[in-house]
Amino acid sequence: MFIKKSASCALLLASCNALASSTTALEEIVITSSRVPEPWSEIATAITKLSKEDLDYYGNLSLVDILQYQPSMSVTHTGGAGKAATVRIRGEEGYRTLVVLDGIPLTDTSGTQHSPRLEHLTTQSLTSVEILRGPQGLMYGADAGGIIYLSSKPNQAGWSNTVSLETGRYNQQSLFAKSAISGEHGYLQASWQNSSLDGFNASTADTAARDSDGYDNDTKHLSGSWQASNNLQLSVVHRTTSATNEYDGCYSASFQVTHDCTDQYDSKVHQIGASYTGDYAMHRLSFSQSQTDKAFYSDKAFSFGAKGKLRSLAWASKLDLNERTHAVVGADADQSELNDGSLTRQRDQLGLYAELKWAPIDTLTLAAGARTDDNDDFGRHNSIRLTGTAVQPLNGSVLKYKISYGTGFRAPSLYEVAYNAGPFAYGLATTTQLNEERSAGFDIGVEWLLNADLHVQATYFRQTVEDEIFFDLEAYTGYLQDDGEALVSGLELSADWAVTEGLTIATNATMMNSERPDGSARIYRPDNQAALSVRYSHPQHKLSGQVAMQYRGDSRGIVNQSIDGYTALSFKLQYALTRDLKPYLRVENALDADTREIPGYYASRAAIYAGVSYQF
């Protein structure tokens, strides 16, 4: 892969040999920020990266349950596994979060907003997760208020196979199998994950039957790449998910509330792509499609359904103009569809973008980018991003300063427009002409790296959303729009410390204020949250494990009621019987805390799980 080291890092390598391990950390390759691989030292936006080892030590099968331990990531659940979950990055709505898997946008266009169904994403097939915080409209589309980039590419050469089994509370049963072969000519891998659980009563409103609301998930993933020549690489990805979820609080054919509710979720995503790498340029062209089919049942009778489809043709190029300057240019053409059985809507959007990066001196990198989007229904909009980074050797360590500013917009979703024009809207919603939302975000921060032992970060951020669209949860008239700016501001702190060989400590805290234009609190956003993890893994010891603690502060509900926060503790212990056979025990919510985040919905209590992983 063609990656040219920045001039700033070249200086560090040349003049600060004592900082070799710190420089290695600065040179860690990150894909998310500019859509092409770049070293961490050149990236000004706030990023968290989780490795395969990190995911394994958390141990959670659901990706959502791991995301809630990361900086500025707040999660709300409506019951247990498989129930609707929302992940907010820096307090923004979950539908402003773009989830990308191996380059494919996992966007469900059949929902109320174009958003990911994160509750159906599992961790076992993933090899890395990158989280990009703040508005990122420049590279990923103007409505991207944050990015979660997932990768399943093999992280080791040769042929490898993995089989794992797990069982535990709520009659959870999980099976995962993966086979991969990777080498200099590319890779090929296939994985299968199947899990089921009986669950628990999800809703406090279900006071009669109080039956358990179960969940089943079956996910298959196939991907590969082929190095057709020294310069050309071809790739393909195909993934299917079929999930059945039981929940409470739907309406029967006679429009009576019932708690015998089921939804069937089926998703198919695929992508074909080609990358060409030259001496001074790298190009990537891909076509992807994400298709969703949902069916809802009440009292075991079909109630309604919806189908969505997102097609995306994307091109991105990185061009080295000289040893101090490079550019990233690209385009994406998206077509989204919604079919709910009574109407079919379709929308096209074309985006063009370019970013120029320049290192005027060895330790400084500046970047400026612009994007224009042409939306079928809401016209042309422009977005920008301005960033800067500086690295400074300092007494055996390295300081990295960073600053960024970005803007974006979000067009009302196909469903939002259709609902207000349909038979269920009334009153003010029927006369509300929904317009696009506009967003802007600024952050400034500093990172300190001491060899490979300590990495400390501090970032201040401020984001606004103008004319935010929301559903009227008081009178249920339909979709309305705030007049003015919603504001989120706060401070992120994090530290990763390798205390000794095998012992590492990671912690983070976020202090955040989130307000609507009238000054009232935005719902379900905790003002304070924090996480701490302690991991022990020594190559000469068979026992390893991690303890993770999460604190979620108080938040506000729909009618401005106070929602109590909580502190939850989980851990995982693993014992290597052989190098390849590793049984483990993990406990979620070990303190049996009341972790309800939304009034009216129960949450999982203390739960023990036992499993075994075999690699060969």
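Worth saying up front: this structure is predicted, and the values here are computed from it rather than measured.

On the surface, Ile384, Leu386, Ile403, Tyr405, Phe442, Ile444, Tyr460, Leu491, Leu493 and Met511 cluster together into a nonpolar patch covering about 760 Å² of accessible area. Broken down by secondary-structure element, the contributors of at least two residues to the nonpolar patch are β23 (379–394), β24 (397–410), β25 (437–450) and β29 (485–500). By secondary structure assignment, the location of Tyr460 is in strand β26 (residues 454–466).

What follows concerns the side chain of Asp482. Residue placement: Asp482 occurs in the loop between β28 (479–481) and β29. A distance of 2.8 Å separates a polar atom in the side chain of Asp482 from a polar atom in the side chain of Arg516. If sequence neighbours within four positions are ignored, Asp482 has contacts with Asp467, Glu468, Phe470, Arg516 and Pro517.

Let us look at the environment of Ala177. The residue Ala177 is located in strand β11 (residues 172–183) in this model. A relative accessible area of 26% means that Ala177 is categorised as partly exposed. Separated by 15 residues in sequence, Ala177 and Thr162 have C-alpha atoms that sit 5.6 Å apart. When neighbours within four sequence positions are excluded, Ala177 is seen to be in contact with Thr162, Val163, Ala190, Ser191 and Trp192.

Where β24 lies against β25, 13 bridges are found, and the strand directions are antiparallel. For Arg410, the partnering residue across the bridge sits in β25 and is Glu437. As judged from the 13 bridges shared by β25 and β26, these two strands associate in the antiparallel manner. Looking at β26, one finds that Gly441 is bridged to Gln463. Taking the residues between adjacent antiparallel strands as the criterion, β25 and β26 are bridged by three residues, where Asn451 takes a positive phi near 50°.

Let's shift gears to a negative patch on the surface. A contiguous patch of negative charge on the surface is contributed by Asp198, Asp211, Asp216 and Glu246. When you line up the elements, Asp198 lands in strand β12 (residues 186–200).

This part covers the sheet that holds strand β9 (residues 146–151). The strand order across the open sheet formed by five strands is β3-β8-β9-β6-β7, and the pairing between neighbours is mixed. Looking at which strands have only one partner, the edges of the open sheet turn out to be β3 (46–51) and β7 (104–105). Pairing of strand β8 (residues 128–133) with β9, which is carried by six bridges, proceeds in the antiparallel orientation. Along β9, the bridge assignment pairs Ser128 with Ser151.

Core analysis: the biggest nonpolar cluster contains 28 residues, and Leu63, Val129, Ile148 and Leu150 have the highest contact counts within it. Broken down by secondary-structure element, the contributors of at least two residues to this core are α3 (52–58), α4 (63–67), β4 (73–77), β5 (85–89), β6 (97–101), β8 and β9. Among the elements that line this core, the one with the most residues is α4, at four residues. Once residues within four sequence positions are removed from consideration, Leu150 is found in contact with Leu63, Val99, Val100, Leu101, Asp102, Leu121, Leu126, Ser128 and Val129. Counting residues in each nonpolar core, the second largest holds 15 residues, with Ile47, Val100, Leu132 and Met139 among its members.

Conventions adopted
Residues numbered from 1 in each chain as written. Predicted model: local features only at pLDDT ≥ 70, side-chain atom pairs only at ≥ 80, totals over all residues. Heavy atoms only, no water. Patch = residues over 30% accessible without salt bridge, like charges linked within 9 Å, V, L, I, M, F, W, Y side chains within 5 Å. Areas by Shrake-Rupley, 256 points an atom, 1.4 Å probe, with all protein chains shown as cover. Salt bridge = Lys/Arg side-chain N within 4 Å of Asp/Glu carboxyl O. Helix = DSSP H or I, 4+ residues; strand = E, 2+ residues; numbered from the N terminus. Polar contact = N/O pair within 3.5 Å; in protein donor to acceptor, adjacent residues only side chain to side chain. Contact = heavy atoms within 4.5 Å. Buried < 20%, exposed > 50% of the residue type's maximum accessible area, 1.4 Å probe, protein only. Pairing = 2+ DSSP bridges. Lys, Arg positive; Asp, Glu negative; His and termini not counted. Charge placed at Lys NZ, Arg CZ, Asp CG, Glu CD. Core = buried A, V, L, I, M, F, W, Y, C linked by side-chain atoms within 4.5 Å.

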